[in-house]
Amino acid sequence: MKLSLTKVVNGCRLGKIKNLGKTGDRTMDIPGCLLYTKTGCAPHLTHHTLHSIHGVPAMAQLTLSSLAEYHEVLTEYKEGVGKFIGMPESLLYCSLHDPVSPCPAGYVTNKVLQKSTIIGVIEGGDVMEERLRSARETAKRPVGGFLLDGFQGNPTTLEARLDLLSSVTAELPEDKPRLICGVSLPDEVLECIERGVDLFESFFPYQVTERGGALTFSFDYQPNPEQTLLQQNGTQEEKQYVDQSKKMKTASGNQEMTPFEINLKEKKYREDFDPLVRGCSCYCCKNHTRAYIHHLLVTNELLAGVLLMIHNFEHYFGFFHSIREALKSDRLAQLKELIRRQA
Amino acid sequence: MAAASNATSLESAPRILRLVAECSRSRARAGELRLPHGPVATPVFMPVGTQATMKGITAEQLDALGCRICLGNTYHLGLRPGPELIQKAQGLHGFMNWPHNLLTDSGGFQMVSLVSLSEVTEEGVRFRSPYDGDETLLSPERSVEIQNALGSDIIMQLDDVVSSTVTGPRVEEAMYRSVRWLDRCIAAHRRQDKQNLFAIIQGGLDADLRAACLEEMTKRDVPGFAIGGLSGGESKDQFWRMVALSTSRLPKDKPRYLMGVGYATDLVVCVALGCDMFDCVFPTRTARFGSALVPTGNLQLKKKQFQKDFRPIDPKCACPTCQKHSRAFLHALLHSDNTAALHHLTVHNIAYQLQLMGALRASIMEKRFPEFVRDFMDTMYGDPTLYPTWATEALASVGISLT
């Protein structure tokens, strides 16, 4: 596994991780995210529906916590977890914990996997000295990359830890990827990228799905002039909305509705025959309306989760694509401003 | 046009069924339904998509499985989201974005089976909505009105539904009322050119009542007939006799829709008895309980015995689930809270049903239906002494011996 950087702008890294996979010929773009799974399967999605999504990351995240009990089964299976879960072609990353389920801190043993790359975990809590020590010591080991642990939590805690994050990544070699766990919100993702983080988990779209929400935030930092005018005219309402949602966000923590989404359970969507997001090319937006999704949620139908997951993943992967494009064309500041306004 | 002609009155209802082959021994037929949203090969199994969705599988997945007609429920949709909204959404087809055919039932069965506070009078069924407590009357006219708004290709008359375990004068009352309600539905139907109204034969388990119903209803020139009032708590012995009686008196050139039938053996036997169309929640419902349908019965995949079973559900099944996944993986997924497990099984079970119907049809066309039936029973039950008696007798009655 080899990280090759194309460009670094104000601490933001754009590049590719190369030589991945069993035959060493796969690559992954960074900044990027991993496909979030539960028990080796994208939530709600079969192979067919997963592959209707554009931009699915090349690497999926498995969680050891969901697969550990099948250790014996996998040993007997002999052909590897990728084939077992029906993703033989996918690159796989195995994290200890599931970012969505709260996990108690503690001593956990790791199994050594011979043909796999080990990621070193940076710990140290909120103590700068410990963080630096963890970073320096881990960097001395023959790890393939680094996991920045302990920066997750409720919205205000990441803000407080951003300086710590910068200091940590400054100690890490440039040519190895840096993952962060537990951070998935769009604004937080950008803050982390600016501080040298390359890879993220994609559990945020799943959380939005579970509360009947659809991601609608814009990442189109190059809108046409008409849209700019509309946006300018809308600033008054927008400001009120932004103030209100800021209150919402700090008061109730990450698990509640964010300004990046709409809640399809609300009555106002009952007769809304628009797609979730105009111009979105996902299967849900090309085939269904807000009114239909609303109906599915009200009637507790399983298809609600399927369609929302398809849209939310596609939207989120599209966001990462726009980050990479913005970095390529030196427009990250515009994207950041756009996201900041919506947060 | 509901089929191909320009008839505007039901006195010359379109012949929507074209028979392609008939078994020379039994009453089995293979055919093609010509419906507004495309042709449908028969015999056909119609999955049930109650609330404008096939329970977790997308319209595209359902289309890819080869489904060309499925069901919606007027009772549920009439309450949520309601006919007015669906009409605004370009009908049920537009609302759920289903390009093929839809059949809606009248709401009669749900009224009686789901709602504790329902009252049947000559007017219709009066009931209390479970969602907001409001009282409404579902009359034949209102049922047709809702179904006209839904725009389904086949609509069902409102019938006076009585459980098959009920005996006595109520059964006769319900039968004659169903005939009167059929006439009211016919009169109220506003879209004869786009929607095919089917009658529903009632009469419970009483041969005389059923015969009387058949005689009356076949005088009405509707495009198709359903056999109703069965598939409840009655014995299989009574069940098949009523099906056989019905098919013997229904016109050959119109489709026979046996409502609520979905177990594999029942499908095979009732095809032999001359039925063309079937619906049942069983395959999709049992999927959500972790049960996969196979030619030998079913696999309860949550059970420990499948933990290390690395074979697909059915090595001969062409569905996406069997192409990609093992029983062991599905077992693991079923023990998680990822709903994808249910969807994998729903896909497979629908594929199973549709593949079974396809195989039945091919055997009829290739003049080997009786052999197919014998092979089916052998695979399903193994030992002939384990064959259900009712099935053996029913098949014998139409010239198919299982020995």
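All values reported here derive from a predicted model rather than from experimental measurement.

Moving on, we come to the overall build of chain B. Scanning chain B from N- to C-terminus turns up 16 helices and 16 strands. For a compact globule of 403 residues, the expected C-alpha radius of gyration is about 22 Å, and chain B comes in at 21 Å, within 12% of that figure. In terms of overall dimensions, chain B has a C-alpha envelope of 60 × 50 × 45 Å along the principal axes. For chain B, the proportion of its 403 residues judged to be buried stands at 60%.

All names here are of chain B. What the domain assignment reports for chain B is domain 1 (17–279) and domain 2 (287–367). Look at where the C-alpha atoms of domain 1 and domain 2 centre, and you get two points 28 Å apart. Taken residue by residue, the interface counts 29 residues in domain 1 and 16 residues in domain 2. For the domain 1 and domain 2 pair, buried surface summed over both sides reaches about 1800 Å², with 78% attributable to carbon and sulfur atoms. Taken together, the links from domain 1 to domain 2 amount to four residue pairs in polar contact (both at pLDDT 80 or more). Counting residues per element, the ones that place at least two in the side of domain 1 that touches domain 2 are β1 (17–22), β2 (29–35), β3 (38–42), β4 (44–47), α1 (59–64) and α10 (264–272). Among the elements that make up the side of domain 1 that touches domain 2, the one with the highest residue count is α10 (four residues).

Between chain A and chain B, the contact holds 37 residues from the first and 41 residues from the second. Counting the contacts that link chain A with chain B gives five salt bridges. Of the charged contacts in the structure, one is a salt bridge between Lys308 of chain B and Glu72 of chain A, with a shortest N-O distance of 2.8 Å. Taken together, the connections running from chain A to chain B amount to 19 residue pairs in polar contact (both at pLDDT 80 or more). Only α1 (47–50), α3 (71–77), α11 (283–287), α12 (290–298) and α13 (303–328) of chain A provide two or more residues apiece to the side of chain A that touches chain B. Of all the elements, α12 of chain A adds the most residues to the side of chain A that touches chain B, at five residues. Partitioning the side of chain A that touches chain B into residue classes produces 19 nonpolar, 12 polar and six charged.

For sheets, the rule is that strands pair by backbone hydrogen bonds, running either parallel or antiparallel. All names here are of chain A. A sheet is described by the order of its strands in space; here three strands give the open sequence β1-β2-β3, paired in antiparallel fashion. At either margin of the open sheet sits one strand with a lone partner, and together these are β1 (2–9) and β3 (26–30). Each neighbouring strand pair of the sheet contributes to a mean axis angle of 15°, computed without reference to strand direction. Alignment of β1 against strand β2 (residues 12–20), held across seven bridges, turns out to be antiparallel. Paired with Leu3 across the two strands is Ile17, which belongs to β2. Contacts between α13 and the sheet are confined to β1, β2 and β3, with β2 contributing the most and set at about 115° to the helix.

This part takes up the pattern of salt bridges. All names here are of chain B. Applying the stated criterion to the full structure yields 51 salt bridges over all chains. For the salt bridge of Asp253 with Arg15, the shortest nitrogen-to-oxygen distance reads 3.0 Å. With Asp253 in the loop between α9 (236–249) and β13 (256–258) and Arg15 in the segment before β1, this residue pair connects regions lying 238 residues apart in the sequence. On the basis of relative accessibility, which here comes to 36%, the residue Asp253 falls in the partly exposed class. Here Asp309 and Arg311 are joined by a salt bridge, their closest N and O atoms 3.0 Å apart. Since its relative accessible area comes to 10%, Asp309 is described here as buried. When salt bridges that share partners are traced, they join Glu122, Asp160, Arg170, Glu173, Arg177 and Arg180 into one network.

Calculation notes
Residues numbered from 1 in each chain as written. Chains lettered and ligands numbered in written order. Predicted model: local features only at pLDDT ≥ 70, side-chain atom pairs only at ≥ 80, totals over all residues. Heavy atoms only, no water. Helix = DSSP H or I, 4+ residues; strand = E, 2+ residues; numbered from the N terminus. Rg over C-alpha atoms; globule rule 2.2 N^0.38 Å. Buried < 20%, exposed > 50% of the residue type's maximum accessible area, 1.4 Å probe, protein only. Domains from an automatic or database assignment. Contact = heavy atoms within 4.5 Å. Buried area = accessible area lost by both parts, 1.4 Å probe. Polar contact = N/O pair within 3.5 Å; in protein donor to acceptor, adjacent residues only side chain to side chain. Salt bridge = Lys/Arg side-chain N within 4 Å of Asp/Glu carboxyl O. Nonpolar A, V, L, I, M, F, W, Y, C, P; charged D, E, K, R; others polar. Pairing = 2+ DSSP bridges. Axes fitted to C-alpha atoms, helices over the stretch in contact; angles between N-to-C directions.

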